[in-house]
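Understanding the architecture of this molecule
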Amino acid sequence: MTISVSQRVEQILSLLETNYPNSTGSLINFSSPFQLLTAAILSAQSTDKQVNAVTPKLFERFPNPILLSHATIEEIESLISSVGLYKNKAKFLKNMASHLTEKYNSNVPTTIKELIKLPGVGRKTANVLLNDWFGIHEGIAVDTHVKRISYRLELTENSNPNKIEEDLKLIIPEGKWGKITHLLIDHGRKICRAQEPLCNECFLSTICPRIGVIKDLKK
Ligand code: SF4
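Residues numbered from 1 in each chain as written. Predicted model: local features only at pLDDT ≥ 70, side-chain atom pairs only at ≥ 80, totals over all residues. Heavy atoms only, no water.

**Structural notes on the packing of aromatic side chains**
Scanning all chains against the criterion turns up two aromatic pairs. A ring pair is formed by Tyr-20 and Phe-203, whose centres lie 5.7 Å apart and whose planes are at 65°; its orientation type is edge-to-face. Separated by 183 residues along the polypeptide, Tyr-20 in the loop between helix 1 (5–19) and helix 2 (33–42) and Phe-203 in the loop between helix 11 (179–190) and helix 12 (213–218) bring together distant segments of the chain. For Tyr-20, a relative accessible area of 7% gives the class buried. (Phe/Tyr/Trp six-rings, centres within 6.5 Å; stacked < 30°, edge-to-face > 60°. Helix = DSSP H or I, 4+ residues; strand = E, 2+ residues; numbered from the N terminus. Buried < 20%, exposed > 50% of the residue type's maximum accessible area, 1.4 Å probe, protein only.)

Spelled out as structure tokens, the structure:
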């Protein structure tokens with residue numbers, strides 16, 4: 001019996017939520033949208049663990065956009081030097097904080113259009129902030145795990161993150177746009193790994209077409 005796309009998506013979501021009941025973002029040290037935005041900028045091409053190690057001291061010293069906008073690049077660099085690309089990120093953070101103080105009265109804007117104009121902020125970061133802090137479901141954050149697993153599960157045929165996001169928005173219920181990112185990241189870390197997907201142990205194996213898995217393994 002063939003099932004519709006919406007039935008498949010419903011099954012996938014249900015199985016993911018059952019198996020990862022506490023799925024949530026793994027950036028942990030923030031107490032404002034500015035701090036989550038800062039942590040998300042730092043997490044590009046770095047692990048969340050690395051970011052979590054530097055944010056307590058960074059936010060102790062610069063808890064808000066005004067203080068960060070007055071920091072020197074060298075001060076910021078010294079606090080985030082264990083994070084990848086820290087020199088670029090130090091500049092992004094200072095400029096982002098200046099932008100917030102000058103244009104938004106030190107508040108964080110709440111649309112993707114405004115957020116992606118901030119230094120260091122792309123659609124993924126903007127979506128993480130909107131979904132996880134504000135509960136605004138304007139889009140879906142597509143990281144490397146979401147990209148890979150969406151393709152393997154045949155939820156998209158695209159490889160461009162923006163196009164994948166559009167595909168997912170058409171089939172994932174809006175209330176799950178934030179959650180799906182965290183569920184797929186958990187699944188990507190634990191089972192559907194890039195080079196060694198554990199298909200034999202996977203709770204999605206009966207409904208997964210495993211698109212591209214062999215190709216990935218040959219890389
Ligand atoms: S069956 Fe394999 S490819 Fe499909 S989701 Fe599970 S681990 Fe990934």
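So that's the structure; there's more coming.
**Section: helix 10 (residues 161–171)**
Turning to helix 10, its buried residues number three or more, namely Ile-164, Glu-165 and Leu-168. For helix 10, the angular spread of the buried residues around the axis is 100°, confining them to a single face. Next to the buried residues of helix 10 lie helix 8 (123–134) and helix 9 (144–152). One side-chain oxygen at the N-terminal end of helix 10 lies 2.7 Å from the backbone nitrogen of Asn-162; it belongs to Asn-160. (Arc of directions from axis to C-beta. Contact = heavy atoms within 4.5 Å. Polar contact = N/O pair within 3.5 Å; in protein donor to acceptor, adjacent residues only side chain to side chain.)

**Focus on the packing of helix 9 against helix 11**
When two helices pack together, their arrangement is given by the angle between the helix axes and the distance between those axes. At a minimum axis separation of 8 Å, helix 9 and helix 11 run at an interaxial angle of 80°. In terms of axis orientation, helix 9 runs roughly perpendicular to helix 11. Where helix 9 abuts helix 11, its residues His-145, Val-146, Arg-148, Ile-149 and Ser-150 lie against Thr-181, Leu-184, Ile-185, His-187, Gly-188 and Arg-189. When grouped by side-chain class, the residues that make up the contact of helix 9 with helix 11 number four nonpolar, five polar and two charged. (Axes fitted to C-alpha atoms, helices over the stretch in contact; angles between N-to-C directions. Parallel < 35°, antiparallel > 145°, perpendicular 65-115°, else oblique. Nonpolar A, V, L, I, M, F, W, Y, C, P; charged D, E, K, R; others polar.)

**So, the pattern of salt bridges**
Here the idea is simple: oppositely charged side chains can pair when their charged atoms come close. Applying the stated criterion across every chain yields a total of six salt bridges. Between Glu-77 and Lys-87 there is a salt bridge; the shortest N-O distance is 3.6 Å. Of this pair, Glu-77 sits in helix 5 (residues 73–80) while Lys-87 sits in helix 6 (residues 86–104), and the two are 10 residues apart along the sequence. Looking at Glu-77, the relative accessible area reads 15%, which means it is buried. With a shortest N-O distance of 3.8 Å, Glu-166 and Lys-169 are connected by a salt bridge. With a gap of three residues between them, Glu-166 and Lys-169 both fall in helix 10, about one helical turn apart. (Salt bridge = Lys/Arg side-chain N within 4 Å of Asp/Glu carboxyl O.)

**Some points on the nonpolar core**
Leu-37, Leu-68, Ile-80, Leu-93, Met-96 and Leu-115 are the most contacted members of the largest nonpolar core, which totals 31 residues. Mapped onto this core, the elements with two or more residues apiece are helix 2, helix 3 (48–61), helix 5, helix 6, helix 7 (112–115) and helix 8. Sorting elements by how many residues they give to this core places helix 2 first, with seven residues. Setting aside residues up to four positions removed in sequence, Ile-80 forms contacts with Leu-42, Val-54, Leu-58, Tyr-86, Lys-89, Ala-90 and Leu-93. Counting residues in hydrophobic clusters, the runner-up holds 25 residues, among them Val-9, Leu-168, Ile-180 and Leu-183. (Core = buried A, V, L, I, M, F, W, Y, C linked by side-chain atoms within 4.5 Å.)

**Points about unusual backbone geometry**
Even without being glycine, Leu-85 reaches a positive phi, approximately 55°. Of the residues examined, Leu-85 reaches a relative accessible area of 45% and is grouped as partly exposed. If you check the backbone angles, Asn-105 has positive phi at about 55° while not being a glycine. Mapped onto the fold, Asn-105 is located in the loop between helix 6 and helix 7.

As far as function goes, none of this settles anything; it's purely spatial.
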